[in-house]
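Structure at a glance
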Amino acid sequence: MLSGLDHLVVTVTDMGRAVDFYSRVLGLDVRYRDAQRVDLMLGDTALRLHQTDTDIAPISATPTPGSLDLCLRCQLPLDEFKQHLDALAIDVELGPVARQGANGPIESIYLRDPDGNLLEICRPSSR
């Protein structure tokens, strides 16, 4: 019946700050849909940003910045990605640590976006 994820909405308090973080820190491509919606592209899937003070309908019952816990796959070795984060003065909360992903073992590091959303950055692991 279902075949994948088209987009995931991320509620943010400051659109410009969120776009800067996700494009500069995570390297996502930005597509401006209109004045109130921005898509950050992950291959053929989008993280769609909605700012809290905009009037977009329909939305979730309680859109809350900082409530997202998201795991993103990384193409770089995690050590290289961590060096990139260090160069940008982005704090890593935890990792690298062994975890279980959707398709097997992964290694992950954890950080937060400007709204406090938890971002897990992972790579497949041979463990």
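Right, let's walk through the structure included here. Here the structure is a predicted model, which is why all the values come from computation and not from measurement.

Moving on to the overall build of the protein chain. Looking only at helices and strands, the protein chain features two helices and eight strands. Helices and strands in the protein chain line up, N terminus first, as β-α-β-β-β-β-α-β-β-β. For the protein chain, the C-alpha radius of gyration of 15 Å lies close to 14 Å, the compact-globule estimate for 127 residues. Counting only C-alpha atoms, the protein chain reaches 45 × 40 × 25 Å along its principal axes. When each of the 127 residues of the protein chain is scored for burial, the buried share is 38%. Across the protein chain, contacts joining residues at least 24 apart in sequence account for 50% of those joining residues at least 6 apart. For the protein chain, the accessible surface area stands at approximately 7800 Å², while carbon and sulfur atoms represent 48% of it. Taken as two groups, the 12 positive and 19 negative side-chain charges of the protein chain have centres that lie 3 Å from each other.

Under the counting rule described, the total for this entry stands at one aromatic pair. Ring geometry for Phe21 and Tyr22: centres 5.3 Å apart, planes at 85 degrees, overall edge-to-face. Tyr22 carries the same exposure label as Phe21, and that label is buried.

By volume, the largest pocket amounts to about 500 Å³. As for the largest pocket, its lining consists of 19 residues, and the residues nearest its centre are Cys71, Leu72, Arg73, Ala102 and Cys122. When residues of the lining of the largest pocket are traced back to their parent elements, those giving at least two are strand S4 (45–51), strand S5 (69–73), strand S7 (104–112) and strand S8 (118–124). Of the residues forming the lining of the largest pocket, the biggest block, four residues, is contributed by S5. When grouped by side-chain class, the residues that make up the lining of the largest pocket number 13 nonpolar, four polar and two charged. By volume, the second largest pocket amounts to about 300 Å³. Lining the second largest pocket we find 13 residues, and of these Leu26, Leu28, Arg73, Cys74 and Gln75 sit closest to its centre. Those elements that provide at least two residues to the lining of the second largest pocket are S5 and helix H2 (78–87). Residues of the lining of the second largest pocket, tallied by class, amount to nine nonpolar, three polar and one charged.

Let us now look at the nonpolar core. In this structure, Phe21, Tyr22, Leu26, Leu49 and Ile121 are the most contacted members of the largest nonpolar core, which totals 26 residues. Going through the elements one at a time, strand S1 (7–12), helix H1 (15–25), strand S3 (37–42), S4, S5, H2, S7 and S8 are the ones with two or more residues in this core. Element by element, the count of residues in this core is highest for H1, at six residues. Among residues more than four places away in sequence, those in contact with Ile121 are Leu26, Leu72, Cys74, Leu78, Phe81, Glu107, Ser108, Ile109 and Leu111.

Here we come to the sheet that holds S3. Ordered by their spatial adjacency, four strands build an open sheet running S1-S4-S3-S2, and the pairing between neighbours is mixed. If you trace the sheet from one side to the other, it starts and ends with S1 and strand S2 (29–32), each paired once. The sheet shows a mean angle of 30 degrees between the axes of neighbouring strands, taken without regard to direction. Across the sheet, H1 is in contact with S1, S2, S3 and S4; its angle to S4 comes to roughly 155 degrees.

What H2 keeps buried is the set Leu78, Phe81 and Leu85. Projected down its long axis, H2 carries its buried residues within an arc of 60 degrees, all on one side. Exposed side of H2, more than 90 degrees from the buried face: Asp79, Gln83 and Ala87 are the residues found there. Lining the buried residues of H2 we find H1, strand S6 (94–101), S7 and S8. Once H2 ends, the next one or two residues include Ala89, with phi positive near 60 degrees.

Parameters and conventions
Each chain carries its own residue numbering, running from 1 in the written order of its sequence. Local features in this predicted model are restricted to residues whose pLDDT is 70 or higher, and side-chain atom pairs enter the listing and the counts only when it is 80 or higher, whereas totals over whole chains, interfaces and linings include all residues. Calculated side-chain values reflect all of the structure's heavy atoms, with hydrogen atoms and water omitted. In DSSP terms, a helix is any run of H or I states spanning at least four residues, a strand is any run of E spanning at least two, and both are numbered starting from the N terminus. Computation of the radius of gyration draws on C-alpha atoms, with the globule rule given as 2.2 Å multiplied by the number of residues to the power 0.38. Here's how the labels work: a residue is buried when its accessible area is under 20% of the maximum for its type, exposed when over 50%, partly exposed in between, all with a 1.4 Å probe on protein chains only. The contact criterion used throughout is that any non-hydrogen atoms of two residues lie within 4.5 Å. For the area figures, the Shrake-Rupley method with a 1.4 Å probe applies, and any residue is considered shielded solely by the protein chains shown. Within this scheme the basic residues Lys and Arg register as positive and the acidic residues Asp and Glu register as negative, but His and the chain ends are omitted. Here the site of a charge means atom NZ of a Lys, CZ of an Arg, CG of an Asp or CD of a Glu. By convention, a stacked pair of Phe, Tyr or Trp rings (six-membered ring in the case of Trp) has centres within 6.5 Å and planes under 30 degrees apart, an edge-to-face pair has planes over 60 apart, and any other such pair is tilted. In the cavity and pocket records, a cavity denotes points on a 1 Å grid over the protein atoms alone where a 1.4 Å probe fits but cannot get out, a pocket denotes an open set with protein on both sides within 12 Å along at least 5 of 7 lines, and lining residues are residues with an atom within 4 Å of a point. Grid points are joined across faces, edges and corners, and a volume is the space filled by probe spheres set on the points. Amino acids outside the nonpolar list (Ala, Val, Leu, Ile, Met, Phe, Trp, Tyr, Cys, Pro) and the charged list (Asp, Glu, Lys, Arg) are all regarded as polar, and Gly is one of them. Joining through side-chain atoms within 4.5 Å is the link that ties buried Ala, Val, Leu, Ile, Met, Phe, Trp, Tyr and Cys residues into a set, and such a set is a nonpolar core. When DSSP finds two or more bridges between two strands, those strands count as paired. Axes here refer to lines fitted to C-alpha atoms; in helices the fit is confined to the stretch in contact. Angles between the N-to-C directions go from 0 to 180 degrees. An arc is given here, and it is the one of the directions from the helix axis to the C-beta atoms.

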